[in-house]
Amino acid sequence: MRNKWRSYRHRFVPWMLLNLSKNEKTLRQVTERCKDKLVPDVEVSESLLRLFRLLILSHGADHRHILAAQTHLPPQVTRGEQQQGGSPQEVMFQSLGFSIDRRPSSLPQAGTGVFVTKGFVPQGATVAMYPGTVYQPYEPILLQSIRNPFVFRCIDGVLVDGNDRSISKMVFRSCSGRDRLGPFLMSDTSWLTDAPLNPLAVGQYVNNCSNERAANVCYQEFDVPDRFPIELRQFVPNVNYSQDTQRPLRCVVLVSLRDITAGEELFSNYYTIVH
């Protein structure tokens, strides 16, 4: 039980808030939600689009023919690349210049962590996404939150449940199937498996920084714009809990605070609101 708690506490929000407040080095202070942006939303969107377009072309995913017929393919996608497959990590390296994956954390008794496995991550890059079901502040999440270390709280009280097991897994699959629009998948369920099709969707396994391990990434909230191509939403690892939510889909990405090289583990800091 003690070992389980030591691993659990590195992602348990109340524990982090209580203990991180004692050490300002592990906190990033923001005054309001719009101030949490280290990079503009347009840059986050461009990174996601670049990866998703190459994923859909490389893996022959649903609606590939629709995307291939479009005229706004990114310059990086050549005719040869359209015919080339490869693992999601290889496609990520090809499109973003680096790849990440889950491995045992270098932090003692912290369980799983996320590492840069290949390439070079420049400062300000979108490194990972925090997958999961998105709950508005007024929506019920009590049962899903019990013994769940993967519930992320946004600045405005929106919650993202990134647990890939138990009832959380069933809720996400149900909501994802509900939102399917004809032939179009509106979210990605592969992050619930050991082989996510979107290689960015492992952000829930990024451990928090400590005195010994400084943060090299931070959380940034990103609302999916209405103009986001419908055929690429199949790679978005988030879904609203309620179908009638009257606001853009909330995503949380992790952005690099500095240059990161291959072999380094990702460590995040947690933001706190100052008035």
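Since the structure is predicted, the reported quantities are computational estimates derived from the model, not experimental observations. (Residues numbered from 1 in each chain as written. Predicted model: local features only at pLDDT ≥ 70, side-chain atom pairs only at ≥ 80, totals over all residues. Heavy atoms only, no water.)

Regarding the pairing of strand S11 (residues 250-256)
Piece 1. For S11, a buried count of seven out of seven residues is recorded, marking the element as mostly surrounded by other parts of the structure.
Piece 2. Here S11 shows a buried face lined by Arg250, Val252, Leu254 and Ser256 and a second buried face lined by Cys251, Val253 and Val255.
Piece 3. Where strand S4 (residues 126-130) meets S11, four bridges bridge the pair, whose relative direction is antiparallel. Paired with Thr126 across the two strands is Val255, which belongs to S11.
Piece 4. Pairing between strand S9 (residues 217-223) and S11: seven bridges, direction antiparallel. (Buried < 20%, exposed > 50% of the residue type's maximum accessible area, 1.4 Å probe, protein only. Helix = DSSP H or I, 4+ residues; strand = E, 2+ residues; numbered from the N terminus. Pairing = 2+ DSSP bridges.)

A look at the packing of aromatic side chains
Piece 1. Scanning all chains against the criterion turns up eight aromatic pairs.
Piece 2. Each ring, one from Tyr130 and one from Tyr219, has its centre 6.4 Å from the other, and the planes form 65°; the classification is edge-to-face. One end of the pair, Tyr130, is in strand S4; the other, Tyr219, is in strand S9, and 89 residues separate them in sequence. By the burial criterion, Tyr130 is buried, and Tyr219 matches it.
Piece 3. Here Phe152 and Tyr219 contribute two aromatic rings whose centre-to-centre distance is 4.5 Å and whose plane-to-plane angle is 55°, an arrangement assigned as tilted. Here Tyr219 lies in strand S9 and Phe152 lies in strand S6 (residues 151-153), a separation of 67 residues in the sequence. For the pair Phe152 and Tyr219, a shared accessibility class is recorded, and that class is buried.
Piece 4. Lys118 extends its terminal NZ or CZ atom over the ring of Phe93, reaching a point 4.3 Å from the ring centre. (Phe/Tyr/Trp six-rings, centres within 6.5 Å; stacked < 30°, edge-to-face > 60°. Lys NZ or Arg CZ within 6 Å of the ring centre and 35° of its normal.)

So, the pattern of salt bridges
Piece 1. The tally for this structure, following the rule as stated, stands at eight salt bridges.
Piece 2. One salt bridge in this structure joins Asp223 and Arg250, with 2.6 Å as the shortest N-O distance. Linking Asp223 in strand S9 with Arg250 in strand S11, this pair joins segments that are 27 residues apart in sequence.
Piece 3. We classify Arg250 as buried; its relative accessible area is 2%. (Salt bridge = Lys/Arg side-chain N within 4 Å of Asp/Glu carboxyl O.)

Describing the side chain of Ser47
Piece 1. Here Ser47 is to be found in helix H3 (residues 41-58).
Piece 2. Since its relative accessible area comes to 13%, Ser47 is described here as buried.
Piece 3. Not counting residues within four places of it along the chain, the set of residues in contact with Ser47 comprises Leu96 and Thr126. (Contact = heavy atoms within 4.5 Å.)

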